[in-house]
Amino acid sequence: MRNAASNLASAIGKGLLAGLAGTAAMTVSSTLEAKLRGRAPSSAPARATAKVLGIKEFEDGIAEARFNDLSHWGFGTSWGLLRGLLGATGMPGRTATAIHGAAVYGNSQMMLPALDIAPPAVFWPKEEIAIDAFHHAVYAIATGVTYELLNGRNGKES
């Protein structure tokens, strides 16, 4: 039993590290995209987290920006937990990454409208849906590859 608990703890730790790496990759892709398109960074993470925590307002724009960063990094890193748990099942890496990506993207598509942060994606322009899906795919793939590398695999299905 001790070995199973140790393996699970290891998978969770690797998943969290992989989630951190995936968040970094998504941050790079979304920052570059925002600069190329001349749009402001997304405030959805801060608005969603604030709503869940009951935070009504921030002292200033700097505090809100910091809270947004903490929300984004905390959310992305914590979703790595799921990738670690999927990896612990022994399922192939590509399968685990696809399930993980679908769960993260599906959560975003459900929670943001439920919290009145964004309208359902069916009301978004097609280009915005594609861009959002792309950033989430970057996250999932980077998280999956990192998990497999941390697990001693080369990122390919074993």
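Residues numbered from 1 in each chain as written. Predicted model: local features only at pLDDT ≥ 70, side-chain atom pairs only at ≥ 80, totals over all residues. Heavy atoms only, no water.

1. Side note on helix H4 (residues 93-114)
Phase 1: Under the 1.5 Å per step criterion, the end-to-end length of H4 is 31 Å for 22 residues, consistent within 8% with the ideal 32 Å.
Phase 2: For H4, the complete set of buried residues consists of Gly93, Ala96, Thr97, His100, Gly101, Val104, Ser108, Gln109, Leu112 and Pro113.
Phase 3: Those residues of H4 that are buried are in contact with helix H2 (44-53), helix H3 (61-88) and helix H5 (126-150).
Phase 4: Where H4 terminates, the next one or two residues include Asp116, which has phi positive at roughly 60°. (Helix = DSSP H or I, 4+ residues; strand = E, 2+ residues; numbered from the N terminus. Expected span 1.5 Å × (residues − 1). Buried < 20%, exposed > 50% of the residue type's maximum accessible area, 1.4 Å probe, protein only. Contact = heavy atoms within 4.5 Å.)

2. Section: the packing of aromatic side chains
Aromatic ring pairs are defined here through the distance separating the ring centres and the angle between the ring planes.
Phase 1: Per the stated rule, a full pass over the model turns up two aromatic pairs.
Phase 2: Aromatic pair Phe58 and Phe67: ring centres 5.0 Å apart, planes at 45°, arrangement tilted. (Phe/Tyr/Trp six-rings, centres within 6.5 Å; stacked < 30°, edge-to-face > 60°.)

3. Concerning the pattern of salt bridges
Note on pairing: side chains with opposite charge can pair once their charged atoms come close.
Phase 1: In this structure the tally under the stated criterion is five salt bridges.
Phase 2: The partner of Arg37 in a salt bridge is Glu33, and the shortest N-O contact between them spans 2.7 Å. Taken together, the residues Arg37 and Glu33, both in helix H1 (residues 2-37) and four residues apart, mark about one turn of the helix.
Phase 3: Residue classification places Arg37 among the partly exposed positions, given a relative accessible area of 34%.
Phase 4: The salt bridge involving Glu128 is made with Arg37; its shortest N-O contact spans 2.3 Å. Residue Glu128 is located in helix H5, and its partner Arg37 is located in helix H1; the two are separated by 91 residues in the primary sequence.
Phase 5: On the basis of relative accessible area, Glu128 is assigned to the partly exposed category, the value being 28%.
Phase 6: Salt bridges linked by common partners bring Glu33, Arg37, Arg39, Glu127 and Glu128 together as one network. (Salt bridge = Lys/Arg side-chain N within 4 Å of Asp/Glu carboxyl O.)

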